[in-house]
Amino acid sequence: MSLIGYARVSTEDQTPLPQSEALQSAGCSEIFEEHASGGNRARPVLARVLERISKGDTLVVVRIDRLARSLSHLLEVIERLEAKGAFFRSLQDPIDTASPQGKFTLQVLGAAAEFERALIRERTKAGLASARAKGRVGGNPGLRTKDPAALRKVRLARQDGYMERLNETAQDWVPHVRRLRPDMAWEDVLRIINGPLPHGRHWTQSRLLRAVKAYVRDGFLPAEVLGRAGRRETDDRLPAIVAAIKGADPEITLQAICDRLESMRERTPRGRTSWQPSSVRMLLERAENLGLL
């Protein structure tokens, strides 16, 4: 059970040293520093931190805005931590999900976010009803006349909206796809991606392929990731999966790998559902001999 610190500054000109010192004083055994915009959810260091944290650990930041700039992103990160049995603490804000008071504060924030979404829906409905009462027809005139320029503009807007939604979840899947494809079959890549995620955020293979194709089209991923996976011997499959989990987080413990394999419902070489560190160690040694590590 460790305190894991995360410090972030927006530009290279800024220094995360004051944050790191505060986190060290708070008892953090590890501190990760990142230079990135708070509005960017696909931060590689944050993704590594969330992958690194295991059951009982606590993610610590100096202030909430060092972790997230929006309430939805904050709740999303805390949901990921809770799914792993981990906690979140902000030193300068009244949030510590390991305490009853912190959980209450989080519930209030969640209720506020839902209330805000409800207000937006009600305002939208009221605005549409008022427009209809005044005889105004909603929608884009260009779309009603099927104007090619208007159709193209809407298509591009929808594409931009889709890419924006993908960027919010990129930290969940892009590093795995970049590292594992095309050496590993999509089915196994999907299981590794879904392993640490709460059930409500699991990917399907069709959704994942659509997302990867969009990222390849825009140059965010190399075209090679869409190549056909090579045939792998049956005995090499488990070492490859264990090597993939280890490769995503070199500091991960044997027990944490066991937990991940069990969450993926991956069976041991003897067909059992419960994994032991000794079995993982054996597979890691085999993966190393195969050149997978």
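Being a predicted model, the structure only gives us computed values, none of them experimental.

Visitor: I keep staring at the sheet that holds strand E3 (residues 58-61) and nothing clicks. Help me out?
Guide: Within a beta sheet, neighbouring strands are joined by backbone hydrogen bonds and run either parallel or antiparallel to one another. As summarised here, the arrangement of the five strands in space is E2-E1-E3-E4-E5, forming an open sheet in which the pairing is mixed. One side of each edge strand has no neighbouring strand; the edge strands of this open sheet are strand E2 (30-35) and strand E5 (95-96). The pairing of strand E1 (residues 3-9) with E2 spans six bridges and is parallel. Bridge pairing links Ala7 to Glu33 in E2. Where helix H2 (residues 44-52) meets the sheet, it contacts E1, E2 and E3, and its direction lies at approximately 155° from that of E2. Its contacts with the sheet put helix H3 (residues 71-83) on E3 and strand E4 (87-90), and the angle it makes with E4 is roughly 140°.

Visitor: Can you walk me through the domain arrangement of the protein in this structure?
Guide: For interface size, the figure often reported is the accessible area lost on association. Taken domain by domain, the protein holds domain 1 (3-107), domain 2 (149-226) and domain 3 (236-290). Here domain 1 and domain 3 have C-alpha centroids that lie 28 Å from each other.

Visitor: Explain the pattern of salt bridges to me, please; I cannot follow it from the model alone.
Guide: Where charged atoms of side chains with opposite charge meet at close range, the side chains can pair. Scanning all chains against the criterion turns up 13 salt bridges. Of the charged contacts in the structure, one is a salt bridge between Arg52 and Glu30, with a shortest N-O distance of 2.4 Å. A residue pair is termed long-range when its members are at least 10 positions apart, and Arg52 in helix H2 and Glu30 in strand E2 qualify at 22 residues. You can call Arg52 buried: its relative accessible area is 17%. Glu51 is the salt-bridge partner of Arg260, the closest N and O atoms lying 2.9 Å from each other. Placement of the pair is Arg260 in helix H10 (residues 254-263) and Glu51 in helix H2, with a sequence separation of 209 residues. Given the relative accessible area of 7%, Arg260 is considered buried.

Visitor: Whenever I open this one, unusual backbone geometry confuses me. Can you help?
Guide: Leaving glycine out, the prevailing phi sign among residues is negative, and the prevailing peptide bond configuration is trans. Here the residue pair Arg181 and Pro182 is connected by a cis peptide bond, since its omega of 0° sits within 30 degrees of zero. Located in the positive-phi region is Arg265, a residue other than glycine, with phi close to 60°.

Visitor: Quick question: what am I supposed to make of the UniProt feature "active site" (unreviewed entry) in the protein here?
Guide: Residues annotated in UniProt with the feature "active site" (unreviewed entry) correspond here to Ser10. Secondary-structure assignment places Ser10 in the loop between E1 and helix H1 (17-25). Discounting chain neighbours no more than four positions away, the residues touching Ser10 are Ala36, Ser37 and Arg69. A polar side-chain atom of Ser10 sits 3.4 Å from a polar atom in the side chain of Arg8.

Visitor: Just to check I follow, could you spell out helix H11 (residues 277-289) for this structure?
Guide: Side chains that are three or four residues apart share a direction in an α-helix, a result of its 3.6 residues per turn. Between its first and last C-alpha, H11 extends 18 Å over 13 residues, near the 18 Å set by a 1.5 Å rise per residue. Listing the buried residues of H11 in full gives Val280, Leu283, Leu284 and Ala287. Relative to the axis of H11, the buried residues are bounded by an arc of 105° and lie together on one face. Positive backbone phi, approximately 80°, marks Gly291, located one or two places after H11.

Quick notes on the rules
- Here the residue index of a chain counts from 1 through its sequence in written order.
- Note on the predicted model: pLDDT of at least 70 is required for a residue's local features to be given, and 80 or more for side-chain atom pairs to be given and counted; whole-chain, interface and lining totals, by contrast, use all residues.
- To get the side-chain values, take all heavy atoms of the structure and skip hydrogens and water.
- Paired strands are those between which DSSP finds at least two bridges.
- Helix numbers and strand numbers start at the N terminus; a helix is a DSSP run of H or I with at least 4 residues, a strand a run of E with at least 2.
- In this description, contact between two residues means that some pair of their heavy atoms is separated by no more than 4.5 Å.
- Axes here refer to lines fitted to C-alpha atoms; in helices the fit is confined to the stretch in contact. Angles between the N-to-C directions go from 0 to 180 degrees.
- An automatic or database domain assignment supplies the residue ranges for each domain.
- By convention in these notes, a salt bridge is any Lys or Arg side-chain nitrogen within 4 Å of a carboxyl oxygen on Asp or Glu.
- Burial here depends on accessible area, computed with a 1.4 Å probe over protein chains only, as a share of the maximum for the residue type. Under 20% is buried, over 50% is exposed, and the range in between is partly exposed.
- UniProt positions are given in the numbering used here, feature names are shortened, and annotations may be inferred rather than shown by experiment.
- Any pair of nitrogen or oxygen atoms within 3.5 Å is treated as a polar contact; in protein, a donor-acceptor pairing is required on top of that, and neighbouring residues in sequence qualify only through side-chain atoms on both sides.
- Given the number of residues in a helix, its expected span is that number minus one, multiplied by 1.5 Å.
- The arc in question is the one traced by the directions running from the helix axis out to the C-beta atoms.

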